[in-house]
Amino acid sequence: GEEVREVERLARYPDDFEFVGLVSAANVCIDTCPWVPEVAPSSGPRGTSFRLRFCCWKPGTAVDKTFTTPEGRVIQIMDAGRSDGTVVAGWGSSSDDALGTYLVKVRGAGLAQVLRFRID
């Protein structure tokens, strides 16, 4: 619906927003899963491995993970919610990765979350 388009519009301005989430249906998540998506570390030099975790999807829910690099390259990966309600992702950067902010969107079943990390 319109809500997903609004989240996507906001995601075009990653310097203005730390986190954007959208829920259109009630979901129950395991207590150990924080609602706000996590990235560790949030920034690092080239060669840093970034770990990302999103919540709360019903187990088995199909999701689309979209990575957008600072130069605008888009990488889409289909995945599914794990048994604990999470969707995990990672970015193992190399010495040639572009410097700047990387945007990651995860969408599926009425839920959309966006976060970012930075290669300095």
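The residue count restarts for each chain, going from 1 along the sequence in the order it is written. A pLDDT threshold of at least 70 governs which residues receive local features in this predicted model, and a stricter bar of 80 or more applies before side-chain atom pairs are shown or counted, although totals over entire chains, interfaces and linings include all residues. The side-chain figures draw on all heavy atoms in the structure; neither hydrogens nor water molecules are used.

Asker: Sorry if this is basic, but what is going on with the pairing of strand E8 (residues 100–108) here?
Answerer: Note on strand geometry: in a regular strand, side chains alternate between the two faces of the sheet. Of all nine residues making up E8, eight are buried, and the element is well covered by its neighbours. Here a strand pair is declared whenever DSSP counts at least two bridges between the two strands. Secondary structure is summarised from DSSP: a helix means a run of H or I of at least four residues, a strand means a run of E of at least two, and numbering begins at the N terminus for each. Here five bridges tie strand E5 (residues 62–68) to E8, and the two strands are oriented antiparallel to one another. Across the sheet, residue phenylalanine 67 finds its bridge partner in E8, namely valine 104. In the sheet, E8 pairs with strand E9 (residues 111–119) via nine bridges, with the strands oriented antiparallel. Its bridge partner lying in E9, glycine 100 is registered against isoleucine 119. The turn joining E8 and E9, which pair antiparallel and follow one another in sequence, is formed by two residues; a positive phi near 50° is taken by alanine 109. Whether a residue is buried, partly exposed or exposed follows from its accessible area with a 1.4 Å probe, protein chains only, as a fraction of its type maximum: under 20%, in between, or over 50%, in that order.

Asker: What should I look at first to understand the environment of arginine 118 in this one?
Answerer: In this fold, arginine 118 is placed in strand E9. Among the residues examined, arginine 118 registers a relative accessible area of 39% and is labelled partly exposed. Here, two residues are considered to be in contact whenever any of their heavy atoms come within 4.5 Å of each other. In contact with arginine 118, not counting residues within four places along its chain, are Ser42, Ser43, Gly44, Phe50, Gly100 and Thr101. A distance of 3.0 Å separates the side chain of arginine 118 from the side chain of threonine 101, its partner in a polar contact. Pairing of N or O atoms within 3.5 Å defines a polar contact, subject to two protein rules: one partner must be a possible hydrogen donor and the other a possible acceptor, and residues neighboring in sequence count only if both atoms are side-chain atoms.

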